[in-house]
Amino acid sequence: MTAAGQELHFADAGEAADLAAFLARLIHYDRAAAVRLQAGGGVLAVFGRPPSFEVLAIRTARLEAIIGTDATPAGAAGAASGPGALDTTVSAGELEDALVTARAGRTADGPEVRYRGLVVTVPQAVTGPPWAGVLPPRGGWRRVSGLPGVDEVRGAVAAAVAEFRARDVALPEERRTRAERDRIGHEIWSRTLGDTGLPLRAVHAAQSLGFLRPVRAAAPAASAPGAGVATAVPGPTAEPVALLAAGGWLRLRTPYGSIAVRTSGLSGLSVTPA
C-alpha cells in the first residue's frame, strides 16, 4: 500500500541512525536510489540495490508501532498487512532526510536519549524500479556450508580489489578503456567465494555497505518480516556471517544487514572497486 504520511515509531534511535547511514551509502552509488519498505512483526525491512554490485541489500530496524494516516496503530506485533501495515517504495534520499531531520530535532534532549525511540514520517511513494518487484523469498532458507570466517571473507575482498587495481595499472594506455576495465571487473567479481557459489561481488557489496564491520553489543535480536529475509539487530552474541539459500537465491547474512543475489538468470556485471 502507499504510505505517505504514515509514522514509523522506531524502538531504538541508534538503529534508525544505522539505517540512515545505510541509505547514505546507497545514495553514494546512485543519487536517485529508491528503496522498498516492508514492515511486520515489529521490524522494518529496507531493500535497496546498489547498481555497481547488482545485488539486493537488506537492512532492518525494530519498530514499536506504525501509525497510519487514519491514526490506526499497527503495533509492534502487527503483520505485514492490515491497518497501519507498510509495503511501499520510496526515495532513499527522502527517507534519509526524514531520519536525519527526526534525529536533529532531538539534539537538545541530550545524549541520554540516543537509544530511545524515534518517530519518522514515511515519504511519498515513487514508481518502483523493476528489481523492487522481485524480492528474495520470505521463508524456506537453509544454511549453506563452506563459508569462511569473517576475517577470511574480508581478506578475499581485499585481495580481489588489489588484483583489480594491479591489472588496471598494468593496462597499456590504449587499452585503458571503460570496456576493458568492466571486462576485468566482471572476471574478478563473478568468481565465487571458495566452494560456496556466492559471487565475490556480493561479499564486496557487504564490505562496501558496512555489513562486515565488527559486531557491537546492542539490543536483543529481532526478526524482520518473513523471517527468511530477516537480518538480526546486532547483539552481543550475534553470528558474524552466515550463508543461506532458498529457491534461486543466496543470502549472505551479517548482524548489520544481508546481501542477496540470484543464482540463476544473472545479468552481466559492470563494476569498479568502491
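Please refer to the structure higher up on the page.
Our subject in this report is the structure included herewith. (Residues numbered from 1 in each chain as written. Predicted model: local features only at pLDDT ≥ 70, side-chain atom pairs only at ≥ 80, totals over all residues. Heavy atoms only, no water.)

**Quick notes on the nonpolar core**
Then, in step 1: Judged by nonpolar contacts, the single largest core of 62 residues is most densely connected at Phe10, Leu23 and Leu44.
Then, in step 2: Looking at which element gives the most residues to this core, the answer is helix α1 (residues 13-29), with nine residues.
Then, in step 3: Not counting residues within four places of it along the chain, the set of residues in contact with leucine 44 comprises Leu8, Phe10, Leu19, Leu37, Gln38, Ala39, Arg59, Thr60, Ala61, Leu63 and Leu86.
Then, in step 4: Judged by nonpolar contacts, the second largest core, of twelve residues, contains Ala45, Trp141, Trp249 and Ala260. (Core = buried A, V, L, I, M, F, W, Y, C linked by side-chain atoms within 4.5 Å. Buried < 20%, exposed > 50% of the residue type's maximum accessible area, 1.4 Å probe, protein only. Helix = DSSP H or I, 4+ residues; strand = E, 2+ residues; numbered from the N terminus. Contact = heavy atoms within 4.5 Å.)

**Side note on the side chain of glutamine 38**
Then, in step 1: Tracing the backbone shows glutamine 38 in strand β2 (residues 34-40).
Then, in step 2: Looking at glutamine 38, its side chain comes within polar contact range of the side chain of arginine 138, at 3.1 Å. (Polar contact = N/O pair within 3.5 Å; in protein donor to acceptor, adjacent residues only side chain to side chain.)

**With respect to the packing of aromatic side chains**
Then, in step 1: Across all of its chains, the model carries two aromatic pairs by this definition.
Then, in step 2: Measuring from centroid to centroid gives 5.2 Å for tyrosine 29 and phenylalanine 53, while their planes differ by 80 degrees, and the two rings are edge-to-face. One end of the pair, tyrosine 29, is in helix α1; the other, phenylalanine 53, is in the loop between β3 (43-48) and β4 (56-67), and 24 residues separate them in sequence.
Then, in step 3: On the accessibility criterion, phenylalanine 53 (1% relative accessible area) is buried. (Phe/Tyr/Trp six-rings, centres within 6.5 Å; stacked < 30°, edge-to-face > 60°.)

**Some details on the pairing of β2**
Then, in step 1: For β2, the buried fraction is high: seven of the seven residues fall into the buried class.
Then, in step 2: Neither face of β2 is open: one carries Ala34, Arg36, Gln38 and Gly40, the other Val35, Leu37 and Ala39, and all of them are buried.
Then, in step 3: Relative to strand β5 (residues 86-91), β2 runs antiparallel, the two being bridged by six bridges. By the bridge assignment, leucine 37 is partnered in β5 with threonine 88.
Then, in step 4: Alignment of β2 against β3, held across five bridges, turns out to be antiparallel. (Pairing = 2+ DSSP bridges.)

**Some details on helix α5 (residues 200-208)**
Then, in step 1: The element α5 is extensively covered by neighbouring structure, given that eight of its nine residues are classed as buried.
Then, in step 2: Listed in full, the buried residues belonging to α5 are Leu200, Arg201, Ala202, Val203, His204, Ala205, Ala206 and Ser208.
Then, in step 3: Residues of α5 that are buried in the fold lie against α1, α3 (150-170), α4 (178-189), β9 (249-254) and β10 (257-262).
Then, in step 4: Once α5 finishes, glycine 210 follows within two positions and takes phi at roughly 85 degrees, a positive value.

Any functional reading would require information beyond the geometric quantities listed.
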